[in-house]
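Residue-level structure breakdown
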Amino acid sequence: MNSMMEKIYFGDLRCEEKMMKDERVKESNQQFATVYESFDDVLNEKQKKKLSELYDEICNMETEIGLYFFKEGFAVGIRLGMEVYAQERE
(Lines give C-alpha, C1' and ligand atoms only; values in the text may rest on other atoms or scores of the structure.)
Protein backbone atom coordinates (compact mmCIF):
# COMPACT_ATOMS: atom_id res chain seq x y z
CA MET A 1 0.00 0.00 0.00
CA ASN A 2 1.90 3.03 -1.27
CA SER A 3 -0.90 5.50 -1.78
CA MET A 4 -1.51 8.00 1.03
CA MET A 5 -5.21 7.94 0.13
CA GLU A 6 -5.26 4.16 0.66
CA LYS A 7 -3.51 4.53 4.00
CA ILE A 8 -6.07 7.11 5.14
CA TYR A 9 -9.02 5.09 3.81
CA PHE A 10 -7.92 1.84 5.43
CA GLY A 11 -6.88 3.52 8.69
CA ASP A 12 -3.29 2.45 8.24
CA LEU A 13 -1.73 5.64 9.59
CA ARG A 14 -0.39 4.72 13.00
CA CYS A 15 1.39 7.33 15.06
CA GLU A 16 1.57 5.42 18.35
CA GLU A 17 5.14 4.22 17.82
CA LYS A 18 6.40 7.66 16.80
CA MET A 19 4.42 9.31 19.59
CA MET A 20 5.90 7.10 22.30
CA LYS A 21 9.43 8.06 21.18
CA ASP A 22 8.69 11.71 21.92
CA GLU A 23 10.27 12.69 25.24
CA ARG A 24 7.37 14.96 26.27
CA VAL A 25 4.87 12.16 25.64
CA LYS A 26 7.00 9.65 27.55
CA GLU A 27 7.36 12.01 30.50
CA SER A 28 3.67 12.86 30.57
CA ASN A 29 2.73 9.19 30.34
CA GLN A 30 5.06 8.33 33.22
CA GLN A 31 3.73 11.15 35.39
CA PHE A 32 0.17 10.04 34.73
CA ALA A 33 0.99 6.44 35.64
CA THR A 34 2.67 7.54 38.86
CA VAL A 35 -0.30 9.65 39.96
CA TYR A 36 -2.87 7.05 38.89
CA GLU A 37 -1.04 4.29 40.77
CA SER A 38 -0.80 6.45 43.89
CA PHE A 39 -4.58 6.19 44.23
CA ASP A 40 -4.28 2.42 44.54
CA ASP A 41 -3.27 2.62 48.21
CA VAL A 42 -5.87 5.16 49.31
CA LEU A 43 -9.07 4.16 47.50
CA ASN A 44 -11.44 1.33 48.24
CA GLU A 45 -12.65 -0.98 45.43
CA LYS A 46 -15.79 1.05 44.68
CA GLN A 47 -13.74 4.25 44.41
CA LYS A 48 -11.16 2.52 42.22
CA LYS A 49 -13.94 1.41 39.90
CA LYS A 50 -15.30 4.97 39.71
CA LEU A 51 -11.82 6.33 39.02
CA SER A 52 -11.37 3.75 36.26
CA GLU A 53 -14.72 4.74 34.74
CA LEU A 54 -13.71 8.41 34.87
CA TYR A 55 -10.43 7.59 33.15
CA ASP A 56 -12.27 5.66 30.41
CA GLU A 57 -14.59 8.62 29.81
CA ILE A 58 -11.68 11.05 29.66
CA CYS A 59 -9.98 8.79 27.10
CA ASN A 60 -13.17 8.63 25.05
CA MET A 61 -13.52 12.41 25.16
CA GLU A 62 -9.88 12.95 24.17
CA THR A 63 -10.29 10.50 21.28
CA GLU A 64 -13.32 12.39 19.98
CA ILE A 65 -11.49 15.70 20.31
CA GLY A 66 -8.49 14.28 18.45
CA LEU A 67 -10.69 12.94 15.67
CA TYR A 68 -12.44 16.30 15.36
CA PHE A 69 -9.15 18.15 15.01
CA PHE A 70 -7.86 15.56 12.54
CA LYS A 71 -10.96 15.89 10.36
CA GLU A 72 -10.85 19.68 10.45
CA GLY A 73 -7.13 19.75 9.67
CA PHE A 74 -7.55 17.22 6.89
CA ALA A 75 -10.34 19.28 5.30
CA VAL A 76 -8.24 22.46 5.54
CA GLY A 77 -5.28 20.64 3.98
CA ILE A 78 -7.37 19.39 1.09
CA ARG A 79 -8.80 22.88 0.45
CA LEU A 80 -5.31 24.36 0.64
CA GLY A 81 -4.01 21.80 -1.84
CA MET A 82 -6.89 22.53 -4.21
CA GLU A 83 -6.26 26.26 -3.93
CA VAL A 84 -2.53 25.88 -4.68
CA TYR A 85 -3.29 23.56 -7.60
CA ALA A 86 -5.82 26.04 -9.02
CA GLN A 87 -3.36 28.94 -8.72
CA GLU A 88 -0.65 26.95 -10.48
CA ARG A 89 -3.00 26.28 -13.38
CA GLU A 90 -3.72 29.99 -13.89
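Residues numbered from 1 in each chain as written. Predicted model: local features only at pLDDT ≥ 70, side-chain atom pairs only at ≥ 80, totals over all residues. Heavy atoms only, no water.

With respect to the pattern of salt bridges
Under the counting rule described, the total for this entry stands at 6 salt bridges. The partner of Glu 23 in a salt bridge is Lys 26, and the shortest N-O contact between them spans 3.5 Å. Taken together, the positions of Glu 23 and Lys 26, both in helix H3 (residues 23-38) and 3 residues apart, correspond to about one turn of that helix. The salt bridge partner of Glu 53 is Lys 49, with a shortest N-O separation of 3.9 Å. With Glu 53 and Lys 49 both in helix H4 (residues 45-89) and 4 residues apart, the pair spans about one turn of that helix. On the accessibility criterion, Glu 53 (34% relative accessible area) is partly exposed. Salt bridges linked by common partners bring Asp 40, Glu 45 and Lys 48 together as one network. (Salt bridge = Lys/Arg side-chain N within 4 Å of Asp/Glu carboxyl O. Helix = DSSP H or I, 4+ residues; strand = E, 2+ residues; numbered from the N terminus. Buried < 20%, exposed > 50% of the residue type's maximum accessible area, 1.4 Å probe, protein only.)

A word on the packing of aromatic side chains
Evaluated as defined, the whole model comprises 5 aromatic pairs. Between Phe 32 and Tyr 55, the aromatic rings sit 5.1 Å apart at their centres with planes inclined by 25 degrees, giving stacked as the arrangement. Here the residue Phe 32 occupies a position in helix H3, and Tyr 55 occupies one in helix H4, the gap between them amounting to 23 residues. Given the relative accessible area of 37%, Phe 32 is considered partly exposed. Since its relative accessible area comes to 32%, Tyr 55 is described here as partly exposed. Geometrically, the ring pair formed by Phe 70 and Phe 74 is stacked, given 5.9 Å between the ring centres and 25 degrees between the ring planes. Residue Phe 70 and its partner Phe 74 are located together in helix H4, separated by 4 residues, close to a single helical turn. Residue class for Phe 70 comes out partly exposed when judged on its relative accessible area of 45%. Here a set of aromatic residues connected by ring pairs shows up, and it is made of Phe 32, Tyr 36 and Tyr 55. (Phe/Tyr/Trp six-rings, centres within 6.5 Å; stacked < 30°, edge-to-face > 60°.)

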